[in-house]
Amino acid sequence: MKANRDDAPEWLTSRPRKSGNLGVVLAGVIGMVITLGALTVAGQAFMQTTVKNLSENRQQPKPKPVAEITRAEPAPSKDWDLIVDQQARRDAMSQQPIEQPTSSESPAIKQTMFNDENYTPRGADNVLSLRESYQPVEPEKPAGKVKVTVIKEEQKLKDWACWGKEGSIERRNCKTKVGLNYRN
């Protein structure tokens, strides 16, 4: 059965009209004009409120300073030898063991005030002392000789009795028959 051109519906046979892209361009231009107009109106409103705020806030009082900055007077040249000697004495005193009472009658005094007068430097926590000698860890001694027993794996009859190419039908059938007849 063959169909003629006359059998097709008219909407399939009619040719589309060629109006071009005029409609798309016109819609784009109208949308752009509306958007630019809205941005202009919003910009003018924003500028008017900004100008009003600037005119109102033109004379603001100066804030009071929170802190006053002063420069230290230039110190006279320091006697570095004296400073080094004082620091060496302080370090020597801090390294001496402090005796604490061990009797139960007088409890240890807990320090509650911290200032420059009662500060005692503690020293670094992560410094190794060279006085202690290094003692390497002894490696573990191996255990005595262990007796090992090897059990030989039994070779199955179906593995050595069947000949032929590995995976062939003849070899598979042979293995099946041997496995059914001679179970071990």
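Residues numbered from 1 in each chain as written. Predicted model: local features only at pLDDT ≥ 70, side-chain atom pairs only at ≥ 80, totals over all residues. Heavy atoms only, no water.

**What about the overall build of the chain?**
For step 1, the next point in the chain: Along the chain, the regular secondary structure elements total five helices and zero strands.
For step 2, the next point in the chain: Put simply, the chain runs from its N terminus to its C terminus through helices and strands in the order α-α-α-α-α.
For step 3, the next point in the chain: Counting over 184 residues, the chain shows a buried share of 2%.
For step 4, the next point in the chain: Just so you have it, the chain exposes about 20600 Å², and 57% of that area is on carbon and sulfur atoms. (Helix = DSSP H or I, 4+ residues; strand = E, 2+ residues; numbered from the N terminus. Buried < 20%, exposed > 50% of the residue type's maximum accessible area, 1.4 Å probe, protein only. Areas by Shrake-Rupley, 256 points an atom, 1.4 Å probe, with all protein chains shown as cover.)

**Notes on the UniProt feature "transmembrane region" (unreviewed entry) in the chain**
For step 1, the next point in the chain: In this numbering, the UniProt entry assigns the feature "transmembrane region" (unreviewed entry) to residues 21-47.
For step 2, the next point in the chain: Its end C-alpha atoms 39 Å apart, residues 21-47 is made of 96% helix and 0% strand. (UniProt positions renumbered as here; feature names shortened; annotations may be inferred.)

**Some thoughts on the pattern of salt bridges**
For step 1, the next point in the chain: Under the criterion given, the structure shown has two salt bridges.
For step 2, the next point in the chain: In this structure, Asp125 and Arg122 form a salt bridge, with 2.7 Å as the shortest nitrogen-oxygen distance.
For step 3, the next point in the chain: A residue is classified by how much of its surface remains accessible, and Asp125, at 64% relative accessible area, is exposed.
For step 4, the next point in the chain: The exposure class of Arg122 is exposed, given its relative accessible area of 69%.
For step 5, the next point in the chain: The closest approach of N and O atoms between Arg171 and Glu166, which form a salt bridge, is 3.4 Å.
For step 6, the next point in the chain: When its relative accessible area of 14% is taken as the criterion, Arg171 is described as buried. (Salt bridge = Lys/Arg side-chain N within 4 Å of Asp/Glu carboxyl O.)

**Topic: the confidence of the model for the chain**
For step 1, the next point in the chain: Residues of the chain with pLDDT of at least 70 account for 81%, and the chain-wide mean is 78.
For step 2, the next point in the chain: Per-element mean pLDDT across the chain ranges from 74 in helix H1 (residues 10-13) up to 88 in helix H5 (residues 169-181). (pLDDT = per-residue confidence, 0-100.)

**Considerations on the state of the cysteines**
For step 1, the next point in the chain: Tallying each qualifying case throughout the model produces one disulfide.
For step 2, the next point in the chain: Here Cys162 connects covalently by a disulfide to Cys174, the sulfurs 2.2 Å from one another. Its S-S torsion of about -85° marks the bond between Cys162 and Cys174 as left-handed, since a negative value means left-handed. Of this pair, Cys162 sits in the loop between helix H4 (157-161) and H5 while Cys174 is found in helix H5, placing the two residues 12 residues apart along the sequence.
For step 3, the next point in the chain: The exposure class assigned to Cys162 is buried, which follows from its relative accessible area of 3%. (Disulfide = S-S within 2.5 Å.)

**A short note on a nonpolar patch on the surface**
For step 1, the next point in the chain: A cluster of nonpolar side chains, contributed by Val25, Val29 and Val33, occupies part of the molecular surface with about 260 Å² of accessible area.
For step 2, the next point in the chain: Along the chain, the position of Val29 falls in helix H2 (residues 22-56). (Patch = residues over 30% accessible without salt bridge, like charges linked within 9 Å, V, L, I, M, F, W, Y side chains within 5 Å.)

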